[in-house]
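What follows is the residue order along each chain.
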Number of protein chains: 2
Amino acid sequence: MSQHIAEIISVGTELLLGNVANTDARDISAMMSQLGLNVYYHTVVGDNDERLEAAVNIAKSRADVIITTGGLGPTYDDMTKQTLCRCFGRELKYDEAAAQEIRNYFARRFHNHNMSENNLLQAYLPEGCTVFHNTCGTAPGCAFEEGGVHVLMLPGPPRECEAMFRLSAMPYLRRLSEGGIWSHNVRIFGIGESNMENILHDYMVSLTNPSLAPYAKEGECLCRVTAKAGTEAEAEEMMAPVIGRVREMIRDFIYGLDVESIEERCLQLLKDAGMTFSCAESCTGGLIAKRITDIPGASAVFKGGAVTYTNEAKIGILGVDAGIIKEHFAVSRQTAAAMAEGARRVFSSDLAVSTTGIAGPDTDESGKPVGTVFVALSSPEGTWVRSLDLGTDRPRVRTVAAHHAFDMIRRYLTGLPVEL
Amino acid sequence: MSQHIAEIISVGTELLLGNVANTDARDISAMMSQLGLNVYYHTVVGDNDERLEAAVNIAKSRADVIITTGGLGPTYDDMTKQTLCRCFGRELKYDEAAAQEIRNYFARRFHNHNMSENNLLQAYLPEGCTVFHNTCGTAPGCAFEEGGVHVLMLPGPPRECEAMFRLSAMPYLRRLSEGGIWSHNVRIFGIGESNMENILHDYMVSLTNPSLAPYAKEGECLCRVTAKAGTEAEAEEMMAPVIGRVREMIRDFIYGLDVESIEERCLQLLKDAGMTFSCAESCTGGLIAKRITDIPGASAVFKGGAVTYTNEAKIGILGVDAGIIKEHFAVSRQTAAAMAEGARRVFSSDLAVSTTGIAGPDTDESGKPVGTVFVALSSPEGTWVRSLDLGTDRPRVRTVAAHHAFDMIRRYLTGLPVEL
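Residues numbered from 1 in each chain as written. Chains lettered and ligands numbered in written order. Predicted model: local features only at pLDDT ≥ 70, side-chain atom pairs only at ≥ 80, totals over all residues.

A word on the packing of helix α7 (residues 193-205) of chain B against helix α8 (residues 232-250) of chain B
Relative orientation and spacing of two packed helices are given, respectively, by the angle between their axes and the distance between those axes.
Residue and element names in this part refer to chain B.
Part 1 of the argument: As a packed pair, α7 and α8 sit with axes 11 Å apart at the nearest point and diverge in direction by 140 degrees. Classified by the angle their axes make, α7 and α8 are oblique. Crossing geometry of α7 relative to α8 is assigned as right-handed. For the pair formed by α7 and α8, the contact residues are Met196, Ile199, Leu200 and Tyr203 on the first element and Arg245, Val246, Met249 and Ile250 on the second.
Part 2 of the argument: Class assignment of the residues belonging to the contact of α7 with α8 gives a composition of seven nonpolar, no polar and one charged. (Axes fitted to C-alpha atoms, helices over the stretch in contact; angles between N-to-C directions. Helix = DSSP H or I, 4+ residues; strand = E, 2+ residues; numbered from the N terminus. Parallel < 35°, antiparallel > 145°, perpendicular 65-115°, else oblique. Left-handed = near helix turned anticlockwise from the far one by under 90°. Contact = placed C-beta atoms within 7 Å. Nonpolar A, V, L, I, M, F, W, Y, C, P; charged D, E, K, R; others polar.)

Listed below in structure tokens is the structure:
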């Protein structure tokens, strides 16, 4: 196993002003993880020579792979190469091949019109470095080793940084890594994070490699299994029994392994079953339809939806019996069932889901508390309704209500009890 | 201007694995900037006591405001409070008021069903600290001063972190700041970023304080006016003429000042006019309905929507003439108009918008290119249609098509030409 320790230093005042998030550090970290190299720190500093130097000296004392992003451009506040060379006792030298590439870039892109001479400052590179070609911009990157520390410098613009890391830095770093890290995400809906953790805790702390880590995620949970190994096949063999054990403990609340979302799982299940669905939404206001149609190919299973925010729309469009609403109110088990049945009929779909509830901030004329939500599934075998209390946070009420609608479809199509 | 130096330390292995970007540091930095406080460093460390301690000791040596995010939860790998207390020589004490809030949160949210006892670990707080209430989760935050260094601890989940910073940390920090930075956002839709920049460029570079900065934002633009001043009133007086000048240059493409979104602007305009709307969505698949109902109080103006993904739904639910679809196809100016007119009739709303288009990745039977979208507005005075080419990126096609629908409502209600 590799024992290298890496630190990413991102240079840019715009990061410290909060104009952008540090997606370079995220993207590089994810790729380092694939390489099996440990990233222990991210540091962000502004375009300031003195503070960058101090940050580099701290990094030298605790890491042996230092990756910088940003500050390679042609303007006066781009100083990463100068500062790093000073810290590591290297000279900057003019590189004619790099200069020619910069000229070619402008020739290709702008027909030579507007290349200002300061662009050639980017052709000064640390003596004896490995030059990283920039496939989407002008500033080349580079790498060198000095006193056992590997220094890699990448440009700041996210597309340039990501492409250069993938094409040049990964091959450079691969020789430092023995093996890699692989992981799987077990996606879970229907139990809370602390609940999941109680169930898994003893098993979790007993593991080191593979490891098991719980995450909360917008009203659902996931649990990540990660293995460090020499090869992917070895890692998979190590992870399989752990995933099996998690399946035994969490069972029906697991909706998928490595799927993007519960709606994506539903789309696949519906396709496999050759079935279609539609929806009738009140409190989720279009969110269910929006989430399924976010996925390319949704039209294969989704016939459409009605957002019926008023009683008249529930009656007029979905054919809900006015007497049901009068007797039980719009937010009720009975109305939810009638809405799902109405959508199924109107859209001629095999299944239909519905939501009716009080997303807040105010309650309705029934006086039921905010967070009261009914979610229904209508199928050829009948209609089920879940009665839920989803709290007082409006975005969360809507998100979790939509999760429930998809979860009912998932459970129906996998032969599990649909009601909770 | 204040001379304090702040550092943000974000704690979380998921950041070092590249699972998520450090949006907490971005959001806090942006709000620090509003306060006129300088952030000089961001540091990210994993859930590791020793490395966190080392990072805190470095931060103590170079900053006098240390803000941590993450590691306040109830699980064994949440250790931020313990480590920070050790670094600053404080004891952790059980806080009964904080414990009661956590119990109340579970009572409210889950009727006490499933609060596991480990949640009460979150009620241990540094002795003598200022407690920060968590409005969207369970873990309280806190702040204390020790040896001239201010330490603030905030939870990691972005919504909790952002809300707590705004509601509790900002008031705490405001007294450290002399003067501050204030800004306004001019929200713009209908011209591209480079176009906006061409129009504003000469004026923009002539300004220093207030300054003017352009941003691109998911198919729309904004331009931020920022002033540094001793008081808010002074800042406002400095910004007013700049905003006036931008209004003269960008004119009808400006949809609002400091509004959250174009749909929020529409909600207000519809309320002011005492009018309602509905929608009929094909390629946007529920996104328009979802966006308006994201806003509390939408039911005052929104009657409902139909997501008609199939021709049968367009005909059956909206009453679109089958002959129109047969002659002109589903993605056409004529179908868009008929969908909007149908929605207006079916939902009995004053206005209605519709979308029909090819979001991709594949085209439809008409063979029109991906990105072809028609957006219509039906009103008592007649129907307008915009014919658009929105490119090949599916999420962007959907987002921008929805922007156009709201923009047509905005232009109608402000007496501007509705077609582009």
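So that's the structure; there's more coming.
Considering the environment of B:Ile288
Residues and elements named next belong to chain B.
Part 1 of the argument: Relative to the assigned elements, Ile288 resides in helix α10 (residues 287-293).
Part 2 of the argument: Between the C-alpha atom of Ile288 and that of Leu269, which follows or precedes it by 19 residues, the distance is 16 Å.
Part 3 of the argument: Setting aside its immediate chain neighbours within four residues, Ile288 contacts Cys279, Glu281, Gly305, Val353, Ala402 and Ala405.

Details of the domain arrangement of chain A
Frequently, the measure chosen for interface size is the accessible area that the parts lose on association.
Residues and elements named next belong to chain A.
Part 1 of the argument: According to the domain assignment, chain A consists of domain 1 (5-174), domain 2 (180-257) and domain 3 (262-413).
Part 2 of the argument: Computed over C-alpha atoms only, the centres of domain 2 and domain 3 are separated by 31 Å.
Part 3 of the argument: Counting from both sides, the interface comprises seven residues of domain 2 and, opposite them, eight residues of domain 3.
Part 4 of the argument: Of the residues that constitute the side of domain 2 that touches domain 3, the class distribution is two nonpolar, three polar and two charged. (Domains from an automatic or database assignment.)

What about the pairing of strand β1 (residues 5-11) of chain B?
All names here are of chain B.
Part 1 of the argument: Judged by how many residues are buried, β1 sits mostly within the fold: six of seven residues are covered.
Part 2 of the argument: Pairing geometry for β1 and strand β2 (residues 38-45), over seven bridges, is parallel. Its bridge partner being in β2, Ile5 is matched across the sheet by Asn38.
Part 3 of the argument: Of the pairings in the sheet, the one linking β1 to strand β3 (residues 65-69) comprises five bridges and is parallel in character. Bridge assignment links Ala6 to a residue of β3, and that residue is Val65. (Buried ≥ 20, exposed ≤ 12 C-beta atoms within 10 Å, placed from the backbone. Pairing = 2+ DSSP bridges.)

What to know about the interface of chain A and chain B
Part 1 of the argument: Opposite the 58 residues of chain A that make contact, chain B presents 59 residues.
Part 2 of the argument: Tallied by class, the residues present in the side of chain A that touches chain B amount to 24 nonpolar, 24 polar and 10 charged.
Part 3 of the argument: As judged from the five bridges shared by strand β2 (residues 38-45) of chain A and β2(B), these two strands associate in the antiparallel manner. Within β2(B), the residue paired with A:Val44 across the bridge is B:His42.

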